[in-house]
Amino acid sequence: MKKGVKLTAAALLMASGALAQTPADSLSVLDNADFTFTESQLDEDNDAAQTVSTITGAKSDPYNSEVGYLFSAMRFKVRAYDNMYNSYYLNGLQLNDLELGRFGYSMVGGMNDATRNQEGLSAYDFNRVGVMGVGGGTSVNARASQFAQGNKLTLSGCNRNYVARGMYTHATGILPSGWAFAGQVGYRWANEGVIEGTFYNSFSYFLAAEKRFDEHHALSLVTFGSPTERAQQGASTEEAYWLANSHYYNPNWGYQNGEKRNARVVNDFEPTAILTWDWKINDAKKLTTAAGFKYSMYSSTALSWSGDAYDPRPDYYKNLPSAIFDVYDPEKNNPDYLAQNPYLLDQYNDLVDFWTSSKANRQLNWDRMYFVNRQSEANGGEALYYQERRHNDQMVFALNSAFNQEINRNSKLTLGLSLNATKGMHYKTMADLLGAHSFTDIDKFAANDYGIGSIEAQNDLRHPNRQIGQDDKFGYNYNIFVNKARAYGLYELNQGPFSYRLSAYAEGTTMEREGLMQNGRAPENSYGKSGQAKFLGGGGRFGLTYRPSGAHILSLNFGCQSDAPLARNSFVAPRMQNNFVDNLTNEQVFSAEAAYQFRFGDLTGKLAGYYSRFNNGVEQTAFYNDQEERFTYLTMSGVDREHFGVEAALKYQLTSNFSVSFTGTVSEAQYVNNPLAQVAYEGMNAATLQSLNRWTNPLTGEVMPLRVIADGMRVSGTPLTALSLGLNYNVNGWFFEANLNYYDRVYVDFSEYRRLSNVLPAYSSEGMDLKGNLLFPSVNADDLAKGAILYDNQRTIPVAFDVNGNVTETKDNPHYGQVAATYAAEQEKFKGGFMLDLSVGRYIRLKGGKSLSINLQVQNATNNRNLRTGGYEQNRDDFYNTGVAKAYRFSKNSKYYYANAINAFLNVGFKF
Amino acid sequence: MKLKQIFPLLALALSSVLGLSACMDDYDEPNTDDFLITSSENIGEVNYSIAQLKQDKASLFGQTNAFELVNTDLIIEGVVVANDCGGNLYQTLLLRHIDDSKPEGDPLRDQALVLAVKHTWLTPYFPVGQRVKVNLKGLYVGCYSKLPKIGQPYYTSSGNLRLGPILLQLCSTNVELVGKPDPDCPECKPVELSPEWLRTTAYRNYLYYPQLVTVRGTLQEADGEAIFAPESLQDAGYGVDRTLVNSVNNTKVTIRTSTQNDISFTVMPQGEHAFTGLLSYYSNWQVQLRSVDDIQ
């Protein structure tokens, strides 16, 4: 036992020592969370390699156990729920991030063997760890004693984000002393991933020790982390893809000294330790208490520029041929017009030639940035281009204690308490001055608006005009404190063919911002603490299952809950100031589902239907607003959404070793109201911001709050229709699997900015909205209250209308008799398509208990390169302030991600 | 516990430490001594001049908003005497050429015109004092309003067809740098305009502008607090006009400043001062300063 204690201590010391030796800016969090304050909220950075939202390993559920794997190539989200509605537990402790709500799968990246022992949990099922999110959850048991004794070596090769992976696992099993130890190390690597200009460099470790003191008490300690450095892919427009002749064009990289360099590099490391005490009080009662500590370091680099420096992005719209003339306007894109304006076609062709003549021309030009900086300094200036590193670090202490009791053979109970205290640390540092040596910490947007010598230009009035060197903090620096306490209970009762499940929770949440800089745009409310916002929440779920026989299970589930908003959405402009957003309230969720699970001879399956309603949600996007040339926060409050659909998983066993399966869903997930909007531009002071958040209805003259005309918009980035036909055959240790998948109804992430009630008119299209109806088919007080903008369908100046939407002015008015309405700008629906995935494997049992498994998976075997997995609209207007249309049509140039081309994954596992 | 059992665990722990040190995002700084966005090859010998161009296209430059394509290899040279170093001139390089073979007083001896390039922050590539050659073939010459210019046509935000900037990419085929920048060259010395000159109607034509000039006078709106170009006063062209009055004969010159740059936020100096910048003529003489250093 002494040896065991020493060994555990040594392992922990080494892990913590490793942490101490790591530069603060080089490691971090949140690989799979597709949000950080600086990443996917900056839509440009929405990393295609992210987003996983499935209930993994739900073994008892034929649908949920399949879809995560089946549809992963299309970033499928179960029921189109955000990952924040799923819960992730490890050794009894929930690991969801309190600021973002999500669990970042990078936290356990490369630890496949260590986290293999997991259980998928439905939102309505009884479990022993806590009340899951409405999207369900995953509970991993990674106690050292759960690992099979022995060694396992796994080697993998693929052409995906990384090209090679190696993992080694060793476990002692339970030793006679009562100790058990297990550990895993892994490494994933790509000098260049399947997307050009990306790389991947990820190490992972998992160390576990467990001591069983007696049959009542056991202590388990695990510590793990996955320091990862990876370069990102960026989305681009269809035009850029066409010019690069590839849907996998990546604008994030360019040559420096002839070497490929990516501007967007994520460093991610979340060292975590969890101590779990299992107390078996008696055969019927058990108390599991887990306490954990995490210090995560996440950073992401990005190019930035100041002064009048030209936007360095290669696919910046002014660099594109379609910026020369409106290629989408048939009146211009025709031989006659172009013959009359030959210079337009000449310039267009010049740019096409430029883009296509050399790969370097369509990538970042690092040498140019260095040149400009050096010239600037030579002339007494400072860095104009630089690479900044945006940090989102976090320190978390969490505790969960769950008491389980088997009351009798038919009923069981879980009662628990969980606590979480999270401190999020958000700041940026200077990653690279790109050949320059000096930089002053001022806000370039404020400098433009108020002058470089103004108070507003200062990012930190306590250190005005601070000179910034490599690794110095600048721009913004603040902490977010979130505390949550939850009490919960789950109960299951079985009575004959019926079983009933009840679960409920009550929780309190506080959140607070602490500014560490006194921002010049908000000198009174940026430095120091914001004061706490407090929220009380809770909810309950009820489930009923009827099992008339072993072959048929009918279940009905209902739930309603009220949860605090996320800290990520709760501050008007968190980089700048302490104010909470207006209308900050709990989000209410009502959910219901009905499912039928059956067996008819060789046919087994599950059919389910569900409906979920989310009310009063708060969503914030933060992005660089090209229109206003400012970093912008846009917060929607009072967001209502509906998710509903049907799900099916059927399997027909043709022979003992050959089966056919069908798995699929047809669903809907959409916004069902026009939420209130609040806009904040970085670089503007409070007085200017106040004026931005009002608009005047052009018909009534009434001053109204801003709204986002979102009614009818779909949840983006996931196929709402996903169907799969599979064949499964195994013989003599071989297994073969083929799945033909069909995906459809993937929608672009709509720009809230372009649908602001004071911006939308520029995008109103003649014709129907996406529901096939006029958004405001009549003009009445209700519509006005919703933010209706009353324009005629010629998009000219508003005129007077009656309650039926008819112009009430005289017949002399050219718009007499026209119907008044606003139209929601259409949300692009991507084309559907098929993808064929194949898999072949062999399991070989060797002598002495050893075994070898080999698996080859080929995804997208038919090499369909035209399936879009997601994308986003650009936040910019098609029109000048004069009302004249720009040559470049932003509304026609969304940015897209495509599913990977044909790719393979070869995995060899050797147990010994 | 036996060594055999300890060893794999120690190896795991040790590799946990070693595994944290690698970094792939590390690059050598590039040498940019020879960096160019212009042609790295000789684009040809100079066979033409700004003065010749203005003479040959007199009818074109005498118009407003007119332009035409150059179809032959006409290679001119000039020195960059004004650029966007202060953020006030947008996509604009003023090229000036002094022909020593012509006598003093001959208006064709000292000529300038604007080369407009579609790019912000041209200064690093075209510093003041840099001599350049420009092959006009494939480019357009003419006037933006009345301002002589080399450019390419485009549609403005008001929907009007105008002579705008050339694509930056064309610099690599049509423009060549000659030698190193010499800010002390004769072309960089501004022309001092006297009150009498400004009053002379005969000079109000394309042979006398654009030009790098210095004018003197008192800013009418200067009160010790007002800045050159507050956004509240900006016109449709995102600029603000201030009036410089000469005390000798009360001639007036417009000092035009765009918003959102260092000059725009500078408090207008009271009393008589010298202002250097790009001279043009619309309904009146107009000067656009290059930077705050142009206020003396």
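A quick note: this is a predicted structure, and the numbers were derived from the prediction, not measured.

Visitor: Which residues make up the overall build of chain A, and what values go with them?
Guide: A count of helical and extended segments in chain A gives 9 helices and 38 strands. The buried share of chain A, reckoned over its 912 residues, is 54%. Looking at chain A alone, contacts between residues at least 24 apart form 71% of all its contacts between residues at least 6 apart.

Visitor: Lay out the overall build of chain B in plain terms, naming residues and giving numbers.
Guide: Looking only at helices and strands, chain B features 5 helices and 16 strands. On C-alpha atoms alone, chain B measures out to a radius of gyration of 26 Å, which is more than a quarter above the 19 Å that the 2.2 N^0.38 rule sets for 296 residues. On the principal axes, the C-alpha backbone points of chain B span a range of 105 × 50 × 40 Å. Across the 296 residues of chain B, 45% fall into the buried class. In chain B, the share of contacts with a sequence separation of at least 24, taken over all contacts with a separation of at least 6, comes to 71%.

Visitor: Describe unusual backbone geometry, listing the residues and the values that go with them.
Guide: Residue and element names in this part refer to chain B. With an omega dihedral of 0°, the bond running from Tyr209 to Pro210 counts as a cis peptide bond. Inspection of the secondary structure puts Pro210 in the loop between helix 5 (195–199) and strand 12 (211–219). The phi torsion at Asn250 lies on the positive side, around 65°, for a residue other than glycine. For Asn250, the location among the structural elements is in the loop between strand 13 (239–245) and strand 14 (252–258).

Visitor: Describe the domain arrangement of chain B, with residues and values.
Guide: All names here are of chain B. According to the domain assignment, chain B consists of domain 1 (50–183) and domain 2 (190–294). Computed over C-alpha atoms only, the centres of domain 1 and domain 2 are separated by 21 Å. Counting residues at the interface gives 21 residues for domain 1, matched by 21 residues for domain 2. If you list the elements that add at least two residues to the side of domain 1 that touches domain 2, you get strand 2 (75–82), strand 3 (92–98), strand 4 (110–118) and strand 7 (147–155). The leading source of residues in the side of domain 1 that touches domain 2 is strand 4, at 3 residues. Class assignment of the residues belonging to the side of domain 1 that touches domain 2 gives a composition of 13 nonpolar, 5 polar and 3 charged.

Visitor: Can you break down the sheet that holds strand 4 (residues 137–140) of chain A residue by residue, with the values?
Guide: All names here are of chain A. Reading across the sheet, the 4 strands line up as 2-1-4-3 and stay open at both edges, with mixed pairing between neighbours. Every interior strand has two partners, whereas the edge strands, strand 2 (93–94) and strand 3 (118–121), have only one. By the bridge criterion, 2 bridges tie strand 1 (residues 87–90) to strand 2 in an arrangement that is antiparallel. Following the sheet pairing, Tyr89 is matched in strand 2 by Gln94.

Visitor: Please provide a residue-by-residue account of the sheet that holds strand 17 (residues 364–365) of chain A, values included.
Guide: The pairing of strands in a sheet happens through backbone hydrogen bonds and is either parallel or antiparallel. All names here are of chain A. Pairing in this open sheet of 3 strands is mixed, and the strands run 13-12-17 from one edge to the other. Here the strands that pair on one side only, and so sit at the sheet edges, are strand 13 (259–262) and strand 17. With 4 bridges joining them, strand 12 (residues 253–256) and strand 13 adopt antiparallel strand pairing. Following the sheet pairing, Trp253 is matched in strand 13 by Asn262.

Visitor: Can you break down the pairing of strand 16 (residues 285–305) of chain A residue by residue, with the values?
Guide: All names here are of chain A. Summarising the sheet, strand 14 (residues 265–269) and strand 16 pair through 4 bridges and their orientation is antiparallel. By the bridge assignment for strand 16, Asn267 is matched with Ser299. Between the end of strand 15 (residues 272–280) and the start of strand 16, which pair antiparallel, lie 4 residues. Across 19 bridges, strand 16 lies against strand 18 (residues 385–408) in antiparallel orientation. Following the sheet pairing, Ser304 is matched in strand 18 by Tyr386.

Visitor: Mind laying out the confidence of the model for chain A, listing which residues take part and the relevant values?
Guide: All names here are of chain A. Predicted confidence across chain A gives a mean pLDDT of 86, with 85% of residues reaching 70 or more. Contacts of residues 761–781 to residues separated by more than four positions or lying in other chains number 53 contacts, the stretch itself having pLDDT below 50. With pLDDT under 50 throughout, residues 783–805 is counted as low confidence; its partners more than four residues away or in other chains account for 68 contacts.

Visitor: So what about helix 5 (residues 342–357) of chain A? Which residues, and what values?
Guide: For helix 5 of chain A, which comprises 16 residues, the first-to-last C-alpha distance of 22 Å matches the rise-based estimate of 22 Å (1.5 Å per residue) to within 8%. Inspection of helix 5 of chain A places Tyr343, Leu344, Gln347, Tyr348, Leu351 and Trp355 of chain A among the buried residues, and these make up the whole buried set. The arc that holds every buried residue of helix 5 of chain A, seen down its axis, measures 140°, which confines them to one face. Exposed positions of helix 5 of chain A whose direction lies more than 90 degrees from the buried face are Pro342, Asn349 and Ser357 of chain A. Close packing links the buried residues of helix 5 of chain A with helix 3 (238–244) and helix 4 (335–340) of chain A together with strand 6 (140–144), strand 7 and strand 9 (166–167) of chain B.

Visitor: With reference to specific residues and values, describe the nonpolar core.
Guide: Counting residues in hydrophobic clusters, the biggest one holds 109 residues, and the most contacted among them are Tyr385 of chain A together with Leu93, Leu94, Leu95 and Val287 of chain B. It is strand 4 of chain B that contributes the most residues to this core, 6 residues altogether. Counting the residues that make up this core, at least three belong to each of domain 1 (50–183) and domain 2 (190–294) of chain B. Setting aside chain neighbours within four positions, we find Val287 of chain B in contact with Val213, Val215, Val253, Ile255, Phe275, Gly277, Leu278 and Leu279 of chain B. Of all hydrophobic cores here, the second largest spans 83 residues; its members include Ala123, Tyr753, Phe830 and Met835 of chain A.

Visitor: Lay out the environment of Gly538 of chain A with the relevant residues and their values.
Guide: Residue and element names in this part refer to chain A. Mapped onto the elements, Gly538 comes out in strand 23 (residues 533–549). Residue classification places Gly538 among the partly exposed residues on the basis of 18 C-beta atoms within 10 Å. Sequence spacing of Gly538 and Tyr89 is 449 residues, and the spatial spacing of their C-alpha atoms is 19 Å. In this structure Gly538 touches Tyr505, Ala506, Glu507, Gln561 and Ser562, once residues within four positions along its chain are discounted.

Visitor: Describe the confidence of the model for chain B, listing the residues and the values that go with them.
Guide: Within chain B, residue pLDDT values average 91, and 93% of them lie at 70 or more. Two summary scores accompany this predicted model of the complex, namely pTM at 0.89 and ipTM at 0.94.

Visitor: Got a sec to walk through helix 6 (residues 366–378) of chain A? Specific residues and values, please.
Guide: All names here are of chain A. Helix length check: helix 6 (13 residues) gives 18 Å between terminal C-alpha atoms against 18 Å at 1.5 Å per residue, within 8%. In terms of residue burial, helix 6 counts as a mostly covered element, since 11 of its 13 residues are buried. Among the residues making up helix 6, those that are buried are Trp366, Asp367, Arg368, Met369, Tyr370, Phe371, Val372, Asn373, Arg374, Gln375 and Ser376. As for helix 6, its buried residues are in contact with strand 12, strand 13, strand 17 and strand 18. Gly380 sits one or two residues past helix 6 and shows a positive phi near 90°.

Visitor: Break down the pairing of strand 26 (residues 603–625) of chain A for me, with residues and values.
Guide: Residues and elements named next belong to chain A. Of the pairings in the sheet, the one linking strand 25 (residues 587–600) to strand 26 comprises 13 bridges and is antiparallel in character. Each bridged residue has a counterpart across the sheet, and for Phe600 the counterpart in strand 26 is Leu603. Counted along the chain from strand 25 to the antiparallel partner strand 26, the turn is 2 residues long, and its residue Gly601 has a positive phi close to 60°.

Rules and cut-offs
Per chain, the residues get numbers from 1 upward, laid out in the order the sequence is written. In the order they appear in the text, chains get letters beginning with A and ligands get numbers beginning with 1. Where local features are concerned, this predicted model is filtered to residues with pLDDT of at least 70; where side-chain atom pairs are given and counted, the filter is 80 or more; whole-chain, interface and lining totals use all residues. By the criteria applied, helices consist of DSSP H or I runs no shorter than four residues and strands consist of E runs no shorter than two, each listed in order from the N terminus. Any residue surrounded by 20 or more other C-beta atoms within 10 Å of its C-beta is treated as buried, while 12 or fewer makes it exposed and the intermediate range makes it partly exposed; C-beta atoms here are placed from the backbone. Residues are scored as being in contact if the C-beta atoms we place from backbone atoms lie within 7 Å. The globule rule used here is 2.2 Å times the number of residues to the 0.38 power, and the radius of gyration it is set against is calculated over C-alpha atoms. Domain start and end points were adopted from an automatic or database domain assignment. Any residue that is not Ala, Val, Leu, Ile, Met, Phe, Trp, Tyr, Cys, Pro, Asp, Glu, Lys or Arg is counted as polar, Gly included; the first ten are nonpolar and the last four charged. By this definition, two strands are paired if DSSP reports at least two bridges between them. By definition, pLDDT measures how confident the predictor is in each residue, and it falls between 0 and 100. One less than the number of residues in a helix, times 1.5 Å, gives the span that helix is expected to have. Note that the arc is defined by the directions from the helix axis to the C-beta atoms. Buried Ala, Val, Leu, Ile, Met, Phe, Trp, Tyr and Cys residues form a nonpolar core when they are connected through C-beta atoms within 7 Å.

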